[in-house]
Amino acid sequence: MALPKRQTDIGPPKYDQFIPPVIKKNYGKWKYHEVLTGGTMVHVAESGDTLHTVRVASPRILSTETIRDICDMAERYCEGYLRFTTRNNVEFLVSDKSKMEPLLKELKEKKYSVGGIGPRISNIVHTQGWVHCHSACTDASGMVKAIMDDVYDYFTTKELPNKVRLAVACCVNMCGAVHCSDIAVVAVHRKVPTINHELVTKVCEIPTTVASCPTSAIRPNPKEKTVTINEEKCMYCGNCFTVCPPIDIHKPDEDGVAIVVGGKIGSLRTSPKFSKLAIPFFYNEPPRWPKVVAAVRNILETYAKNAKKHERVGEWIERIGWESFFKLTGIEFTFQHIDDFTFARDTFRTSAAFKY
Amino acid sequence: MALPKRQTDIGPPKYDQFIPPVIKKNYGKWKYHEVLTGGTMVHVAESGDTLHTVRVASPRILSTETIRDICDMAERYCEGYLRFTTRNNVEFLVSDKSKMEPLLKELKEKKYSVGGIGPRISNIVHTQGWVHCHSACTDASGMVKAIMDDVYDYFTTKELPNKVRLAVACCVNMCGAVHCSDIAVVAVHRKVPTINHELVTKVCEIPTTVASCPTSAIRPNPKEKTVTINEEKCMYCGNCFTVCPPIDIHKPDEDGVAIVVGGKIGSLRTSPKFSKLAIPFFYNEPPRWPKVVAAVRNILETYAKNAKKHERVGEWIERIGWESFFKLTGIEFTFQHIDDFTFARDTFRTSAAFKY
Amino acid sequence: METAELQEKIFAYMEKMKGKKKLKEKDVIKALAEETTEAPDAVKKALRGMIDVGRLMYSYGGGASSVEIPSEEYLREKGLIK
Amino acid sequence: MSGKYKTPLLDELEKGPWPSFVTEIKKAAKKSPMADDELGQLEKSYRTKRGYWKHGGIVGVLGYGGGVIGRYSSLPEEFPGIAHFHTVRINQTSGFFYTAEALKMICDIWDKYGSGLTNMHGSTGDLVLLGTTTENLEAIFAEYSSRGWDLGGSGSAMRTPSCCVGPGRCEWSNIDTLDITYTLTQEFQDELHRPAFPYKFKIKTAGCAVDCVAAIARADLSIIGTWKGNIQIDQAEVKKYADAGMNIQAEIVEMCPTNCMSYNGTLKINDAECSRCMHCIAKMTKALRSGKEKGATLLVGSKAPIVVGSLLSWVIVPFIKVDAPYTELKDMIRKMIGWWDDTAKPRERIGEVIEAEGMRSFLEAIGVPAQPQQVKEPRKDPFFFWEESDFQK
Amino acid sequence: MSGKYKTPLLDELEKGPWPSFVTEIKKAAKKSPMADDELGQLEKSYRTKRGYWKHGGIVGVLGYGGGVIGRYSSLPEEFPGIAHFHTVRINQTSGFFYTAEALKMICDIWDKYGSGLTNMHGSTGDLVLLGTTTENLEAIFAEYSSRGWDLGGSGSAMRTPSCCVGPGRCEWSNIDTLDITYTLTQEFQDELHRPAFPYKFKIKTAGCAVDCVAAIARADLSIIGTWKGNIQIDQAEVKKYADAGMNIQAEIVEMCPTNCMSYNGTLKINDAECSRCMHCIAKMTKALRSGKEKGATLLVGSKAPIVVGSLLSWVIVPFIKVDAPYTELKDMIRKMIGWWDDTAKPRERIGEVIEAEGMRSFLEAIGVPAQPQQVKEPRKDPFFFWEESDFQK
Ligand code: SRM
Ligand code: SRM
Ligand code: SRM
Ligand code: SRM
Ligand code: SF4
Ligand code: SF4
Ligand code: SF4
Ligand code: SF4
Ligand code: SF4
Ligand code: SF4
Ligand code: SF4
Ligand code: SF4
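In this text, all values refer to a predicted model and were calculated from it rather than measured experimentally.

Calculation rules
Residues numbered from 1 in each chain as written. Chains lettered and ligands numbered in written order. Predicted model: local features only at pLDDT ≥ 70, side-chain atom pairs only at ≥ 80, totals over all residues. Heavy atoms only, no water. Helix = DSSP H or I, 4+ residues; strand = E, 2+ residues; numbered from the N terminus. Buried < 20%, exposed > 50% of the residue type's maximum accessible area, 1.4 Å probe, protein only. Contact = heavy atoms within 4.5 Å. Areas by Shrake-Rupley, 256 points an atom, 1.4 Å probe, with all protein chains shown as cover. Lys, Arg positive; Asp, Glu negative; His and termini not counted. Charge placed at Lys NZ, Arg CZ, Asp CG, Glu CD. Rg over C-alpha atoms; globule rule 2.2 N^0.38 Å. Least-squares fit on C-alpha atoms with pLDDT ≥ 70 in both. Pairing = 2+ DSSP bridges. Axes fitted to C-alpha atoms, helices over the stretch in contact; angles between N-to-C directions. Donors = N, O, S within 2.8 Å, 3.2 Å for Na, K, Ca; no water. Buried area = accessible area lost by both parts, 1.4 Å probe. Salt bridge = Lys/Arg side-chain N within 4 Å of Asp/Glu carboxyl O. Polar contact = N/O pair within 3.5 Å; in protein donor to acceptor, adjacent residues only side chain to side chain. Nonpolar A, V, L, I, M, F, W, Y, C, P; charged D, E, K, R; others polar. Near = heavy atom within 4 Å. Parallel < 35°, antiparallel > 145°, perpendicular 65-115°, else oblique. Left-handed = near helix turned anticlockwise from the far one by under 90°. Disulfide = S-S within 2.5 Å. Expected span 1.5 Å × (residues − 1). Arc of directions from axis to C-beta. 1 Å grid on protein atoms, 1.4 Å probe; cavity = no way out; pocket = protein on both sides within 12 Å on 5 of 7 lines; lining within 4 Å. Points joined across faces, edges and corners; volume = space filled by probe spheres on them. Domains from an automatic or database assignment.

Enquirer: What exactly am I supposed to notice about the overall build of chain A here?
Expert: Helix and strand content of chain A: 11 helices and 15 strands. Considering only C-alpha atoms, chain A reaches an extent of 75 × 70 × 35 Å along its principal axes. The 356 residues of chain A split such that 66% are buried. The long-range share in chain A, meaning contacts at least 24 apart out of those at least 6 apart in sequence, stands at 63%. Total accessible area computed for chain A in this model is approximately 12,400 Å², and 52% of it derives from carbon and sulfur atoms. Distance between charge centroids for chain A: 4 Å, based on 48 positive and 40 negative side chains.

Enquirer: Can you help me understand the overall build of chain C in this one?
Expert: Within chain C, the secondary structure is distributed over four helices and two strands. Counted from the first residue to the last, chain C has its helices and strands arranged as α-α-α-β-β-α. Taking 82 residues into account, the globule formula puts the C-alpha radius of gyration at 12 Å, and chain C, at 13 Å, falls close to it. In chain C, which comprises 82 residues, the proportion classed as buried is 45%. Within chain C, contacts between residues separated by at least 24 positions form 45% of all contacts whose residues are at least 6 apart in sequence. Total accessible area computed for chain C in this model is approximately 4,600 Å², and 51% of it derives from carbon and sulfur atoms. Where the 16 positive side-chain charges of chain C centre and where its 15 negative ones centre are 4 Å apart.

Enquirer: What should I look at first to understand the relation of the copies chain B and chain A in this one?
Expert: The second copy of the chain is related to the first by a rotation about an axis and a shift along the axis. Note on the identical chains: chain B maps onto chain A by a rotation of 180° and an axial translation of 0.0 Å, with an RMSD of 0.0 Å. The transformation just described matches what one would write down for a two-fold rotation axis. Across chain B, the rotation axis passes nearest the C-alpha of B:Phe343, at a separation of 3.7 Å. A share of 100% of the interface residues of chain B reappears at the interface of chain A, consistent with the copies meeting face to face through the same patch.

Enquirer: How should I be thinking about the sheet that holds strand E5 (residues 81-84) of chain B in this particular structure?
Expert: One key point about sheets: their strands pair by backbone hydrogen bonds, in either a parallel or an antiparallel sense. Reading across the sheet, the six strands line up as E1(B)-E2(B)-E3(B)-E6(B)-E5(B)-E5(E) and stay open at both edges, with antiparallel pairing between neighbours. For this open sheet the edge positions go to strand E1 (30-37) of chain B together with strand E5 (97-99) of chain E, each flanked by a neighbour on one side alone. Shown here is a sheet whose adjacent strand axes are inclined to one another by a mean of 25°, direction ignored. The sheet contacts of helix H2 (residues 64-77) of chain B involve E5 and strand E6 (90-94) of chain B, and relative to E6(B) the element is tilted by about 15°. Across the sheet, helix H3 (residues 100-109) of chain B touches strand E2 (40-45), strand E3 (50-56) and E6 of chain B, and the angle it forms with E3(B) is around 5°.

Enquirer: Please clarify how the coordination of the iron atom of ligand 2 should be interpreted in this entry.
Expert: Protein coordination of the iron atom of ligand 2 is limited to a single donor, E:Cys212 (SG), which sits 2.3 Å from the metal. Locating E:Cys212 in the fold gives a position in the loop between strand E9 (203-206) and helix H8 (215-218).

Enquirer: Before we go on, may I ask you to explain the interface of chain B and chain A in this structure?
Expert: When the parts of a complex come together, some accessible area is lost, and that lost area is often used as the size of the interface. In this assembly, 11 residues from chain B lie in contact with 11 residues from chain A. Interface of chain B and chain A: buried area, both sides summed, is about 920 Å²; carbon and sulfur atoms make up 56% of it. Applying the counting rule to chain B against chain A returns zero salt bridges. Here chain B is connected to chain A by four residue pairs in polar contact (both at pLDDT 80 or more). Among the residues forming the side of chain B that touches chain A, the class breakdown is four nonpolar, five polar and two charged.

Enquirer: Whenever I open this one, the site of ligand 2 confuses me. Can you help?
Expert: Lining the immediate environment of ligand 2, one finds 33 residues, of which B:Thr85, B:Arg87, B:Ser122, B:Lys163 and E:Cys212 sit closest. The residues that come close to ligand 2 belong to more than one chain, namely chains B and E. At 2.8 Å from an oxygen atom of ligand 2 is found a main-chain nitrogen or oxygen belonging to B:Gly266. Listing elements by their share of the shell around ligand 2, those giving two or more residues are E2 of chain B together with helix H11 (279-283) of chain E. Per-class residue counts for the shell around ligand 2 are 11 nonpolar, nine polar and 13 charged.

Enquirer: Where do I start with the packing of helix H6 (residues 177-187) of chain E against helix H12 (residues 327-343) of chain E in this structure?
Expert: Two quantities define a packed helix pair, namely the angle between the helix axes and the distance between the axes. Residue and element names in this part refer to chain E. Contact geometry of H6 with H12 gives a least axis separation of 11 Å together with a crossing angle of 50°. Compared by their axis directions, H6 and H12 come out oblique. The interaxial crossing formed by H6 with H12 has right-handed handedness. In this structure, H6 uses Ile180, Thr183, Leu184 and Glu187 to contact H12, whose residues at the interface are Leu329, Lys330, Ile333 and Arg334. A per-class count over the contact of H6 with H12 returns four nonpolar, one polar and three charged.

Enquirer: Would you explain the state of the cysteines in this entry?
Expert: By definition, a disulfide is the covalent link that joins the sulfur atoms of two cysteine residues. Residues and elements named next belong to chain B. For the coordinates displayed, the defined rule picks out two disulfides over all chains. Residue Cys204 pairs covalently with Cys244 via a disulfide, S to S 2.1 Å. Its S-S torsion of about 85° marks the bond between Cys204 and Cys244 as right-handed, since a negative value means left-handed. Remark: Cys244 occurs in the loop between helix H8 (239-243) and strand E12 (247-248) and Cys204 occurs in the loop between helix H6 (197-203) and helix H7 (206-212); sequence separation between them is 40 residues. Exposure class is identical for Cys204 and Cys244. Each is buried.

Enquirer: What should I look at first to understand helix H3 (residues 33-48) of chain D in this one?
Expert: Think of an α-helix as turning once every 3.6 residues; residues three or four places apart then point the same way. All names here are of chain D. Over its 16 residues, H3 extends 22 Å from the first C-alpha to the last, a length consistent with the 22 Å expected when each residue adds 1.5 Å. The buried count for H3 comes to 13 of 16 residues, which makes it a mostly enclosed element. If you check the start of H3, you find a side-chain oxygen 3.1 Å away from the backbone N of Met34, and it comes from Ser32. Remark: Lys49 follows H3 within two positions and exhibits a positive phi of approximately 60°.

Enquirer: What is the right way to read the interface of chain B and chain E from this model?
Expert: Listed as interface residues are 114 residues of chain B and, on the opposing side, 125 residues of chain E. Overall, the association of chain B and chain E removes approximately 10,300 Å² of surface from exposure, summing both partners, and the carbon and sulfur fraction of that is 61%. Among the residues chain B hides against chain E, the three largest losses belong to B:Arg6, B:Trp130 and B:His132. Together they make up 7% of the total. Counting the contacts that link chain B with chain E gives 12 salt bridges. A salt bridge links E:Glu251 to B:Lys309, with the shortest nitrogen-to-oxygen separation between them at 3.8 Å.

Enquirer: Explain helix H14 (residues 359-366) of chain D here, please?
Expert: All names here are of chain D. Where H14 is concerned, the buried positions are Met359, Arg360, Phe362, Leu363 and Ile366. Projection of H14 onto a plane perpendicular to its axis shows the buried side chains occupying an angular sector of 165°, all on one side. Where H14 is buried, its residues touch strand E15 (293-300), strand E16 (314-320), helix H12 (327-343), helix H13 (350-357) and helix H15 (388-392). Remark: Gly367 follows H14 within two positions and exhibits a positive phi of approximately 75°.

Enquirer: Which parts of the structure should I look at to understand empty space enclosed by the protein?
Expert: Empty pockets left among the atoms are what a rolling probe the size of a water molecule brings to light. Enumeration over the complete set of coordinates arrives at 17 cavities of 30 Å³ or more. Its boundaries defined by the atoms lining it, the largest cavity holds a volume of some 1,000 Å³. Listing elements by their share of the lining of the largest cavity, those giving two or more residues are H8 of chain B together with strand E4 (86-90), strand E7 (127-132) and H8 of chain E. Its residues placed into classes, the lining of the largest cavity shows 14 nonpolar, 21 polar and 12 charged. Three or more residues apiece are contributed to the lining of the largest cavity by two domains, here domain 1 (8-146) and domain 2 (162-228 + 293-392) of chain E.

Enquirer: Help me understand the side chain of E:Gln92, please; the structure alone is not making it clear to me.
Expert: Mapped onto the fold, E:Gln92 is located in the loop between E4 and E5. Overall, E:Gln92 belongs to the buried group, its relative accessible area being 3%. If near-sequence neighbours (up to four positions away) are discounted, E:Gln92 is found in contact with B:Pro12, E:Tyr98, E:His121, E:Gly125, E:Asp126, E:Leu127, E:Thr160, E:Pro161 and E:Ser162.

Enquirer: Honestly, the pairing of strand E11 (residues 218-221) of chain A in this entry has me stumped. Any pointers?
Expert: Regular strands place their side chains on alternate faces of the sheet. Residues and elements named next belong to chain A. Here four bridges tie E11 to strand E12 (residues 226-229), and the two strands are oriented antiparallel to one another. Each bridged residue has a counterpart across the sheet, and for Pro220 the counterpart in E12 is Val227. A loop of four residues connects E11 with E12, the two strands running antiparallel in sequence, and Lys225 in this loop sits at a positive phi of about 55°.

Enquirer: I'm lost on the side chain of D:Glu191 in this one. Help?
Expert: Within the element layout of this structure, D:Glu191 appears in helix H7 (residues 189-193). Discounting chain neighbours no more than four positions away, the residues touching D:Glu191 are D:Ala157, D:Met158, D:Phe197 and D:Arg334.

Enquirer: Explain the sheet that holds strand E14 (residues 276-283) of chain B to me, please; I cannot follow it from the model alone.
Expert: Residue and element names in this part refer to chain B. Taking strand neighbours across the sheet as the criterion, the four strands line up as E7-E8-E13-E14 in an open arrangement whose pairing is mixed. Unpaired on one side and paired on the other, strand E7 (166-169) and E14 mark the two borders of the sheet. Sheet twist, expressed as the average angle between the axes of neighbouring strands with direction ignored, equals 20°. Relative to E7, helix H4 (residues 140-150) is tilted by about 155°, and along the sheet it contacts E7, strand E8 (183-188) and strand E13 (256-261).

Take it as geometry only, folks, not as evidence of what the structure does.
Quick look at the structure:
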């Protein structure tokens, strides 16, 4: 069968074809919203019109079969309109309030998870992992599933002091926004990569490879047309592997994940914050990473118990001080916690006032 | 006349020979103090004993004649006991309360300045300047005199929200603690140094000279046994001049001073802070640097008018935000204010929330 | 090794290095400890003996201190030669 | 054809209430041998604790330099179905709005040429189609593009811009995030499809400082809506919040970062001191509305930690008007990219270059003056540069 | 012999209420031609806006490597009196306590050999004698040392330790600053007089976190007194402050950085949360006293901005007991210096070396474990090192 004629540089279709009439009418004229349940809310326009939203969890990896099922429901209850969120949930856009009940009923029957709205946990931002990425040092989707199963109540119903944004990065490239998450898991290597010199000579550009190393650990070996790594300096970032795959960073038995906490994105109350190291290492324990899951829950619950209303994890920690965070969570403080990267200096304590 | 026999490695005499009996008796057993006037206070011991202190301004450069005069007064009113403070004031240690009045009277007659205690300005920390240092890019003593004459009331009587620590550094070596002062003046060069190549060859170690440059602006010129400076990179710190004097950094018509603000030392309330750039440049205008004096007063009075009680300059600025500091003081913000040194990154604003 | 002998070796080393490199006390101690297999502390003591009598001296320049063979001017000033 | 593999480890991840990606892969595997081999290889990864993917090989569609990520199993004999397993990035709609009809069309084509697996969505924003072969790429492109859908970005290029839902469904949006994103995506078609930059360049647009698209953390250019003028207060609604049990003093007034609010029955705001942080508005949405003059703050430079450490975007233009046709915004972006392109070493992001060259160089190139809003605090060390132009003043 | 020079510019600086250094120089100039030439050269500096000093030339006393700063006029023909104008640094007493008798003796000798000008005191702490010639140095040293006064430090050596007045006259001192300073000065006599370090090393001791000697900003080792245990509250005195008009809520409770205080007639402190910042104690000295178990925090690394930018000292040992004979403290200092001496390049201060080598290397060398008190916050980027020893755990 002949292919249709390709077009180039047309960009995406314009959004206005995909927004329901109630949005078109009230575009930019919303007045307020109300959170109705853990997974539903209503937006009220200046005109008085309302738009109900039902948010449904997604594993982000979706089969066409599931997408079709979702579309079918959108057709039944939303005149075919739906959207996805920036955290990869599905949102049913219900213009006709009376459709809410039957939609929620069908979702319940089909075991879709409704939630993620308000001061709760929403979907975990994560990326490819072993499912698709050559750089992965853990699996993202599996870890996400294991954690979300465990904190599920906080997605559907239970409230927290404020939203808690979780993320999983399957390597230090951090394709999500792990570096600014309330609680996040980031996969890390702990050993200097092994070099397949023959292949390096064949497939790698030596200057690019040398330049790729943030700590200047890589030196060229022009005689052998390969490179060497200064073990003292290597911090296992894997950047060399990205530009030159024969430098193998993967060590299944020594790879694993770290947990970072206290990041945020929004400028509400306090400035956006980077996440900081809480726990430097757990071994990969597929399929369910029980220790990681327990550690996330411990931090989450310590936060839930101690933070003030509206305080994000990072705001809570900064109020009580990191020394108290380690005490309250019972997490051990190690040499790995002390920064030794470019900005280490600014993390050292320069005050005689601190808590024991 | 034969010299007495020298001794080595004896260290300083032990302090206990110099403290008055009331201190010996109540050593480490003071209970509280009360500030009586801008320049007098009383310390009360657990035993009930009291020690009165009269603090007197000093230009730090003291002739032996003046020291003798001070000593004479100490003998008359303090059984010979006196001390100097860490900011170079003189303190008369009065054990017998009845001596206070006559001491103050004599001081007044002799035009000594009593003050510096409590929420006021005390002596300006400063160092050698043109009086003695080869590195000086301004005179410290003269600037101090000019500023203190102007803010004199704040030394003797008038109160401020809290102590205001002033400092003057006669070059970026900063032999005082200018880098953590409420308001400070630091002398800066603005032009790349001129090199006397012949002399460089004679008196300088090339590798040390090259290494001395913080921005790697200096390259060796091995052929001519001298060095060259990359003008783009030089930030006029003068460090090369310190290790190799034939690299002359002094440009009398382009040298001058900058004003930095908001530093503090103590850990009370907020952590110690570095001072930050407020005004990048004033020409040297000896003998009285009128523009510098006016600028210091402007900052001081804006602080006095706007800060809360107990707030230090830096605490006040951080509460209102630097953007408000520049607005309230009417100081112009320039490219020089934006950091481009090692830690520039941490000074860039990473939040959508700021004041206009 | 006798202190005097060690001191001669130190002096010889200082002469050899003269004008080549500014030596910190530590550089001298290290070099001689290596050369003579004497303990660093012994070298330090011998060195100090030499400095105390003006055979060697401390110098300062470019922000850092070093050890040097004294100039005649210095010795004269200290009354060690006429 | 599915079920070739026993997957005891992955099966564990079908248990529990959260939707299972394993179930999704199994669903696709019912129809696609590629998806089935994906499942098999993934089970192996779970057993051995390592991935089995290679990159390398140049894949793409004719004339474009991006939009497809080439990926190959390193065990092609064991898992022949995924010997090739490339992803195709399709430009999403602004705000991720779809109709069922459009999505089903996308699914139909994908079932025909690919594994039947997707990512809704990729982290940059694209609709990601997960797993196809080199030979199918041109067909896929023809099918989608003929129906009005183009490829997204990859490589050293402009990447697909993305945004929050904005005026589509949010009462706080100060700017038309959807339209800005659509317009910029169209404006930079060439830059998106033909990688000519030193490295990637990402644009994200949020309607307000809440930043629901994480623009400030993961976009070379972060456009964030804001306002000038006073926050509008509806005191009757304030009272309702109080009546409903909100502790306005503790939850609002004391959490205001600038301490510019006070409350005793009526709520007062000293707007001159307000930093427009959005806290009070977000927590009392019925009572408070932002000021009337709308615009955006432009921030530049955020990125992930490799190589120099994570960056958040830096305020460059504190306030700019952004109304259609966005001429000023487009010009500004072209100036930014122009400077970066001229100055960067390969694989250097714009934030890294600004840091290396100094903020001044960048600001002068784009014609923006120094302003206190650009910094948290002025420099500390007295080592600052002067240029000849400064002496002429 | 004074009055050789007309000094119209400097004369301006004799006007006004603040004591004038010009007057001091003139006083000295009445007796000393050196001081008079100093005056003349200074007037010239005021006219031409530049200094006329050279360093270079080796000056000092036999056997010592420091304590004298060699200084020469670069205009010796014009100002022959200051052709040599060296400073002599005399070790001050702990806390700068003197008797008139001792000071007069110091003056007498100085009038005999020098310019009659002094700095009371130098910024490091020494009693600085300003201006003498090379040939007088041995005599000056013999005169002072025979009377019990030794030289201070200069060059790549331990510098004269210094401290706040502490238990001598301050109710807040947690440690014996005077005795610690005296003891350490004695302990490090060799290091002080014979420069064997990579660069200078300064020690300053403050009795509490108020830090009246600026230890945290200008000492390689900052020793700051602190306590464990509860702040002792005298409620009757609290009441008196309130009665006298202090707004305890605003001035104390709300300014407490840890929010661990509350007040409603009685003052309460949740001591577990207190960071011992000293604010409340300083502002209510009659009502509050620090906890009973005394000790110090050791911080390391502060210095002026050249070369890597200003540093404040970093917490290394959060709490250490410091009681005479200070064995533990001395050992700790020797370990710190030892590591630095082994590791530093020439002219590298200890703080710079810690930064370059990483905190771990330093902590391991001195046998101090990692503790959250050492950091403001843990690292952010996920690039951290592992050592073999970590795997054995
Ligand atoms: C749908 C979505 C935008 C989109 O274009 O897709 C969205 C929608 C809304 N956000 Fe958001 N936010 C969305 C991602 C974000 C993000 C980005 C992210 O998570 O990566 C953030 C930044 C998080 C951070 O700071 O780290 C975000 C921080 C907020 C906040 C700030 C919470 C705080 O106090 O720190 C609010 C205000 C609030 O909750 O009071 C908010 C409020 C809202 C409101 C109420 C805005 C409105 O009036 O419509 C929307 C529904 C609230 C809800 O879900 O609870 N939204 N929101 C995103 C939903 C993601 C999801 O599936 O869960
Ligand atoms: C005498 C002296 C110590 C010495 O050993 O010489 C001293 C003595 C006292 N200081 Fe100080 N401080 C002295 C230098 C300092 C310094 C160091 C400096 O200026 O370089 C600081 C740190 C400044 C900073 O943080 O930048 C300092 C910050 C304080 C503070 C903290 C003020 C604040 O709230 O930030 C207090 C507490 C107070 O005033 O409430 C204090 C309190 C005191 C008390 C009340 C302590 C006491 O109970 O005896 C003493 C008299 C107070 C006064 O002068 O107002 N002293 N004081 C120093 C006098 C210098 C002078 O001549 O003016
Ligand atoms: C597909 C996606 C993850 C996902 O599952 O969603 C992704 C996948 C990859 N990213 Fe990414 N990045 C993706 C969004 C991001 C983001 C988030 C964003 O754009 O908002 C980031 C952080 C923000 C940033 O740009 O810094 C991100 C930071 C990186 C980096 C680090 C770049 C840096 O400058 O630090 C790399 C490394 C590189 O470029 O060599 C990288 C590289 C990669 C590569 C191409 C790895 C490689 O070298 O081949 C991954 C291909 C995986 C695969 O198997 O398909 N990816 N990557 C995202 C793109 C989908 C889309 O188009 O929508
Ligand atoms: C005399 C004194 C200033 C004063 O008037 O009080 C002084 C004077 C000099 N200092 Fe200083 N420093 C003096 C205390 C300081 C301090 C403050 C302190 O010790 O508390 C500092 C800042 C703290 C620090 O150590 O970082 C200080 C930081 C410097 C520096 C920068 C060192 C650095 O690592 O950044 C230099 C440059 C150098 O060493 O080459 C320096 C160099 C100098 C030299 C030796 C300049 C030179 O290269 O020849 C000055 C000799 C001036 C002269 O004409 O006598 N001086 N110097 C102070 C010593 C008197 C004393 O012994 O009591
Ligand atoms: S974070 Fe790393 S492993 Fe995960 S998708 Fe991005 S590049 Fe691949
Ligand atoms: S893993 Fe990172 S640090 Fe180690 S050699 Fe490779 S690029 Fe350098
Ligand atoms: S600050 Fe500079 S000019 Fe002033 S005394 Fe110190 S080194 Fe000399
Ligand atoms: S003045 Fe400073 S920056 Fe310039 S060349 Fe000399 S050492 Fe380098
Ligand atoms: S960023 Fe602001 S405008 Fe956009 S969805 Fe979030 S709250 Fe609404
Ligand atoms: S927007 Fe933020 S800064 Fe402005 S009044 Fe509200 S809470 Fe305060
Ligand atoms: S530092 Fe503390 S103990 Fe020392 S004088 Fe100041 S307030 Fe008193
Ligand atoms: S010492 Fe500081 S932290 Fe402790 S109670 Fe007092 S004010 Fe609060």
